[in-house]
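# Structural overview
The residues making up each chain are set out below.
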Amino acid sequence: MVTPDTNEDVQRLVDSGVVAVMRGADADTIIDVASALADGGVTAFEITADNPDAMDLIAEVSASFSAEEAIVGAGTVLDAATARAAIASGAEFVVGPTFDEGVVETCNRYGTVVAPGALTPTEALDAFEAGADLVKVFPASSMGSDHLSSIAGPLPQIPLMPTGGIDVDNAADYIDAGAVVVGAGSALMDDEAIAAGDFESITETAREFTRVIDAAREN
């Protein structure tokens, strides 16, 4: 259910260009990583719920950035209880790899942006008609950007967020195919760089993602 607040938060996700999927994030480095991403223009942070400290991390990151600086959400949300816990912890958007009606209903109830996962046109339409604000096309790399275009063509009313296998080399292809924003994980945040404290390289990668997406949107 789209409200003025969710409309604004959807726009914040779109403005970021990339949603940083922070899987396996560590409390000792997550603020440094998020700051490095924001410095490079990536201002949407998705902290996955399969991390045992996910709710604490969501609360910590949410408290560290203003609404003007970043939007913080939860990923890999599979059920309504987890969605509710994430929202209570400060998540401004909720993403799932699959479509669960309870997750969508919970997010709609609390005015939180929700992006369930889908792979086919039927799944995408079912999720959108149930109240999804965006649909996460996942795993995007299994089918490629042509598949995304095949969904976007007959269903232009559905904002699509492909995730899975998105990198600097193919991000523009997905924007050209109809994506309003993309999700990226390891291609955006290198584990070795994080371990070495090389946050500047993360900023540079984020900046390159941003440049590529901005250029694709201008075409």
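Structural data are supplied above this passage.
Reference entry: report on the structure contained in this document. (Residues numbered from 1 in each chain as written. Predicted model: local features only at pLDDT ≥ 70, side-chain atom pairs only at ≥ 80, totals over all residues. Heavy atoms only, no water.)

It is worth spelling out empty space enclosed by the protein at this point. Sizing a probe to match a water molecule and rolling it over the atoms shows the empty space that remains. Applying the stated criterion across every chain yields a total of 1 cavity of 30 Å³ or more. In this structure, the largest cavity occupies an estimated 60 Å³ of space. As for the largest cavity, its lining consists of V77, V94, V95, G96, T98, F99, D100, V103, V104, V114, A115 and P116. At the level of secondary structure, the elements contributing two or more residues to the lining of the largest cavity comprise strand 4 (93–95), helix 5 (101–109) and strand 5 (113–115). In terms of residue class, the lining of the largest cavity is made up of 9 nonpolar, 2 polar and 1 charged. (1 Å grid on protein atoms, 1.4 Å probe; cavity = no way out; pocket = protein on both sides within 12 Å on 5 of 7 lines; lining within 4 Å. Points joined across faces, edges and corners; volume = space filled by probe spheres on them. Helix = DSSP H or I, 4+ residues; strand = E, 2+ residues; numbered from the N terminus. Nonpolar A, V, L, I, M, F, W, Y, C, P; charged D, E, K, R; others polar.)

What follows concerns the packing of aromatic side chains. This model, assessed by the stated rule, comprises 1 aromatic pair. Seen in terms of ring centroids, F45 and F65 are 5.4 Å apart; in terms of plane orientation they differ by 65°. Their pairing is edge-to-face. Of the two residues, F45 sits in strand 2 (residues 44–48) while F65 sits in the loop between helix 3 (54–64) and strand 3 (71–75), which places them 20 residues apart along the sequence. Assessed through its relative accessible area of 0%, F45 is described here as buried. The residue whose ring lies beneath R84 is Y110, and the NZ or CZ to ring-centre distance is 4.4 Å. Directly above the aromatic system of F138 lies the positively charged group of K136, at a separation of 4.6 Å from the ring centroid. (Phe/Tyr/Trp six-rings, centres within 6.5 Å; stacked < 30°, edge-to-face > 60°. Buried < 20%, exposed > 50% of the residue type's maximum accessible area, 1.4 Å probe, protein only. Lys NZ or Arg CZ within 6 Å of the ring centre and 35° of its normal.)

Below, the discussion takes up the layout of surface pockets. Taken as a whole, the largest pocket spans an internal volume of roughly 460 Å³. Counting residues per element, the ones that place at least two in the lining of the largest pocket are strand 1 (18–22), helix 2 (30–39), strand 8 (182–184) and helix 10 (191–195). Its residues assigned to classes, the lining of the largest pocket comprises 12 nonpolar, 9 polar and 5 charged.

To continue, consider the pattern of salt bridges. All told, the structure shown has 5 salt bridges when counted by the stated rule. In this structure, the salt-bridge partner of D9 is R12, at a minimum N-O distance of 2.8 Å. With a gap of 3 residues between them, D9 and R12 both fall in helix 1 (residues 4–16), about one helical turn apart. Among the residues examined, D9 registers a relative accessible area of 11% and is labelled buried. Here R12 falls in the buried class, since its relative accessible area comes to 14%. Between R207 and E204 there is a salt bridge; the shortest N-O distance is 2.5 Å. Taken together, the residues span about one helical turn, with R207 and E204 both in helix 11 (residues 199–218) at a distance of 3 residues. Using a relative accessible area of 37% as the deciding quantity, one classes R207 as partly exposed. Bridged by salt links that share partners, the residues D9, R12 and E92 form one connected network. (Salt bridge = Lys/Arg side-chain N within 4 Å of Asp/Glu carboxyl O.)

Another point: unusual backbone geometry. The residue after F138, namely P139, is reached through a cis peptide bond having omega -10°. Following the sequence through the fold, P139 ends up in the loop between strand 7 (136–137) and helix 7 (140–143). Backbone geometry at T76 places phi at a positive 55°, although glycine is not the residue there. Structurally, T76 is set in the loop between strand 3 and helix 4 (80–89). Overall, the relative accessible area of 18% leaves T76 in the buried class.

Looking now at the side chain of T210. As for its placement among the helices and strands, T210 is situated in helix 11. A polar atom in the side chain of T210 sits 2.9 Å from the backbone oxygen of A206. Dropping the residues within four chain positions of it, T210 is found in contact with G40, G41 and V42. (Polar contact = N/O pair within 3.5 Å; in protein donor to acceptor, adjacent residues only side chain to side chain. Contact = heavy atoms within 4.5 Å.)

Relative to the assigned elements, P154 resides in the loop between helix 8 (145–152) and helix 9 (171–177). Overall, the relative accessible area of 59% leaves P154 in the exposed class. Sequence separation between P154 and P121 is 33 residues, and the spatial gap between their C-alpha atoms is 8.7 Å.

The next point concerns helix 8. Here helix 8 has its buried residues at S145, H147, L148, I151 and A152. Buried residues along helix 8 cover an arc of 155° about the axis, so they all sit on one side. (Arc of directions from axis to C-beta.)

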